[in-house]
Amino acid sequence: MTEHPGFGAMLAWLLDHRKLTAQELTERAGLTADEVRAVLAGETPTEVLLRRLAPALGFQAVDLFILSGRAVPEDLAPLEATAAQWAVSTVTDAVRLPAAGRCELLKLIRSLPQEERRFSFAPKPPVPLTGGPGAWVISMLQYRNLNWMGMARVLAFVTPTYLSAATYGVIASGRNELTPRLVTDFAALLGIDVRELALLTGISLREVPPPPSPEAADAAALLWEARRLTAGQARSVSEVARSLREDSPGGWPVSPP
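Model, not experiment: these values are computed from the prediction. (Residues numbered from 1 in each chain as written. Predicted model: local features only at pLDDT ≥ 70, side-chain atom pairs only at ≥ 80, totals over all residues. Heavy atoms only, no water.)

Helix and strand counts for the chain come out as 14 helices and zero strands. Along the chain direction, N to C, the helices and strands of the chain fall in the order α-α-α-α-α-α-α-α-α-α-α-α-α-α. What you see for the chain is a C-alpha radius of gyration of 19 Å, in line with the 18 Å of a compact globule of 257 residues. For the C-alpha atoms alone, the extent of the chain along its principal axes is close to 60 × 40 × 35 Å. A burial count over the chain gives 51% of its 257 residues as buried. Intrachain contacts of the chain at a sequence separation of at least 6 include 71% that bridge at least 24 residues. Total accessible area computed for the chain in this model is approximately 12400 Å², and 55% of it derives from carbon and sulfur atoms. (Helix = DSSP H or I, 4+ residues; strand = E, 2+ residues; numbered from the N terminus. Rg over C-alpha atoms; globule rule 2.2 N^0.38 Å. Buried < 20%, exposed > 50% of the residue type's maximum accessible area, 1.4 Å probe, protein only. Contact = heavy atoms within 4.5 Å. Areas by Shrake-Rupley, 256 points an atom, 1.4 Å probe, with all protein chains shown as cover.)

What follows is the structure, given as structure tokens:
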């Protein structure tokens, strides 16, 4: 098991990487200097602090909760785990559409009404129970409503990574080490700067990879927005995605994944 460096150390790394001072972060996040200094010194961040830090740092709040080792609040979890299969189908169809089609799907998802939560979200824990970089990134993907099979399908369509579903469980358990290739592809799907994900997970990049493809960036956005959908809503969006890909007059040009 990899020893957790502590959220304060991670925050300090991010500030150093961005050439950002603690005072500047304090002002951006609407926090007091004492609150930020305490976290940098090793104090466990509060829920309120993590929620305020997220937009100031350009991170999703759920990712900061995972990195800090705190339990993710229910309101930050996907609305319905059963929506996952339809979200995956939407993404795998979307990456074969031109940009206009992907944009149409994203607008559709954002236009759907927010329904009330009816179920608790319980991501599958790694076996054996361990912490560390592999567990963090797999947990982040799980909070995009991807189970291991969903990760296998989406990563294979969107990035060069082609692994079995079970391998993602092995990565979460720490029995398979993260590699520069995996960190690059995970970062693309999580919508996180690859240099910062490498920094946080302790992976040395031989060289900074190019920015994610437009398809990968849109896949990350679609996955994130689809978290708020019920299974019924997600299925409807998936049907639209399939229709755009197959049934539009003249057909849509297929762009490479």
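This paragraph deals with the packing of aromatic side chains. Under the definition given, this model contains two aromatic pairs. An angle of 55° between the planes, with centres 6.3 Å apart, marks the rings of Tyr168 and Phe186 as tilted. Of this pair, Tyr168 sits in helix α10 (residues 165-173) while Phe186 sits in helix α11 (residues 180-190); the two residues are 18 residues apart in sequence, bridging distant segments of the chain. Cation over ring: Arg227 sits above Trp224, and NZ or CZ is 3.9 Å from the ring centre. (Phe/Tyr/Trp six-rings, centres within 6.5 Å; stacked < 30°, edge-to-face > 60°. Lys NZ or Arg CZ within 6 Å of the ring centre and 35° of its normal.)

Glancing now at the environment of Leu15. Tracing the backbone through its elements, the reader meets Leu15 in helix α1 (residues 7-18). Taking the C-alpha atoms as reference points, Leu15 and Thr179, separated by 164 residues in sequence, lie 24 Å from one another. Sequence-distant contacts of Leu15, that is, excluding residues within four places in its chain, are made with Leu20, Thr21, Ala22, Leu25 and Leu40.

Here the focus is the nonpolar core. Of all hydrophobic cores here, the largest spans 83 residues; its most connected members are Leu25, Leu53, Leu64, Ile138, Tyr168, Phe186 and Leu189. In terms of residue count, α11 provides more of this core than any other element does, seven residues in total. When sequence neighbours within four positions are dropped, the list of residues in contact with Tyr168 reads Ile138, Trp148, Met151, Ala152, Leu155, Thr161, Leu163 and Phe186. (Core = buried A, V, L, I, M, F, W, Y, C linked by side-chain atoms within 4.5 Å.)

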